[in-house]
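Fold and geometry: a report
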Amino acid sequence: MSSKPELKGRAARLAQLFPTGPGQAARTPFVLLVVLLLGGGLIGLLVLNSALSEGAFKLDDLQRETKSLTDEEQALQRDVDAYSAPEALQRRARELGMVPGGDPAFLAPDGTVKGVPSPAPGVRQTSAHIPLVLAPEAMPNGPTSTSGR
């Protein structure tokens, strides 16, 4: 006797579509494949998550460094602005002994002087005001030889 009941009609036709007996595929390789795919996917996600976390830490460090460098740049720009302010330049020029210039005179290309030059106000014309740098021809003793000839 057969342990399976006899199928008739439509049920019999459908039963013929399904494989029976030893022709069935083994389940072990399929289950192993699915487990390996799921395990590989989880490991891939773990590696990806670690890389993203590392990138986030680097980004945070770079943002912090950018902020500190921006603050330093702004402080330096404030210093430059303070030193280049007209009042600060005028004060430093006076400390160095500079005075505002008088009326300028201009030289034309043919060598004629246009305008009337005047000395700067507050400057006394004395021998104590000798320029710091003189051309060799303008030195009182004339050019000196340093070559030892």
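Residues numbered from 1 in each chain as written. Predicted model: local features only at pLDDT ≥ 70, side-chain atom pairs only at ≥ 80, totals over all residues. Heavy atoms only, no water.

Going by what an unreviewed UniProt entry lists, the chain is known as Membrane protein and is assigned to Streptomyces azureus.

A word on the overall build of the chain
Stated precisely, the cut-off is as follows: Helix and strand assignments follow DSSP, with helices taken as H or I runs no shorter than four residues and strands as E runs no shorter than two, numbered in order from the N terminus. A simple rule labels every residue: compare its accessible area, found with a 1.4 Å probe on the protein chains alone, to the largest value its type can have, and call it buried under 20%, exposed over 50%, or partly exposed in between. Whether two residues are in contact is decided by their heavy atoms, any of which lying within 4.5 Å being enough.
A count of helical and extended segments in the chain gives 3 helices and 2 strands. Ordering the α and β elements of the chain from the N terminus gives α-α-α-β-β. Among the 149 residues that make up the chain, the fraction classed as buried is 2%. Contacts in the chain between residues far apart in sequence, at least 24 positions, make up 3% of those at least 6 positions apart.

Topic: a nonpolar patch on the surface
The test is simple: Nonpolar side chains (Val, Leu, Ile, Met, Phe, Trp, Tyr) are joined into patches within 5 Å and like charges within 9 Å, using only residues with over 30% relative accessible area and no salt bridge. Values of accessible area rely on a 1.4 Å probe in the Shrake-Rupley scheme; residue burial ignores everything except the protein chains shown. Salt bridges are counted wherever a side-chain nitrogen of Lys or Arg sits within 4 Å of a carboxyl oxygen of Asp or Glu.
Side chains of Phe 30, Val 31, Val 34, Val 35 and Leu 38 sit close together on the surface and give an oily, nonpolar patch of about 470 Å² of accessible area. Under the relative-accessibility criterion, Val 31 is labelled partly exposed at 47%.

A closer look at the UniProt feature "transmembrane region" (unreviewed entry) in the chain
For clarity, the threshold we go by: UniProt positions are given in the numbering used here, feature names are shortened, and annotations may be inferred rather than shown by experiment.
The UniProt record annotates "transmembrane region" (unreviewed entry) at residues 30–48. For the annotated span residues 30–48, helix accounts for 100% and strand for 0% of the residues, and the straight-line distance between the end C-alpha atoms is 27 Å.

Here we look at the pattern of salt bridges
All chains considered together, the criterion is met by 5 salt bridges. Notably, a salt bridge pairs Asp 71 with Lys 67, separated by 3.3 Å at the nearest N-O pair. With Asp 71 and Lys 67 both in helix α2 (residues 27–83) and 4 residues apart, the pair spans about one turn of that helix. Here Lys 67 falls in the exposed class, since its relative accessible area comes to 54%. Among the salt bridges present, the one from Arg 91 reaches Glu 95, with a minimum N-O distance of 3.2 Å. Of this pair, Arg 91 and Glu 95 both sit in helix α3 (residues 86–95), 4 residues apart, which is roughly one turn of that helix. Owing to a relative accessible area of 48%, Arg 91 belongs among the partly exposed residues under this scheme. Overall, the relative accessible area of 58% leaves Glu 95 in the exposed class. Each of Asp 60, Asp 61 and Arg 64 takes part in a single network of salt bridges with overlapping partners.

Describing the environment of Asp 110
To keep it simple, the criterion reads: Whenever a nitrogen or oxygen atom comes within 3.5 Å of another N or O atom, the pair is scored as a polar contact, on the condition that within protein one atom can donate a hydrogen and the other can accept it, and that pairs from neighbouring residues in sequence are kept only if both atoms are in side chains.
Mapped onto the secondary structure, Asp 110 falls in the loop between β1 (106–107) and β2 (113–114). Side chain to side chain, Asp 110 and Thr 112 meet in a polar contact 2.9 Å long.

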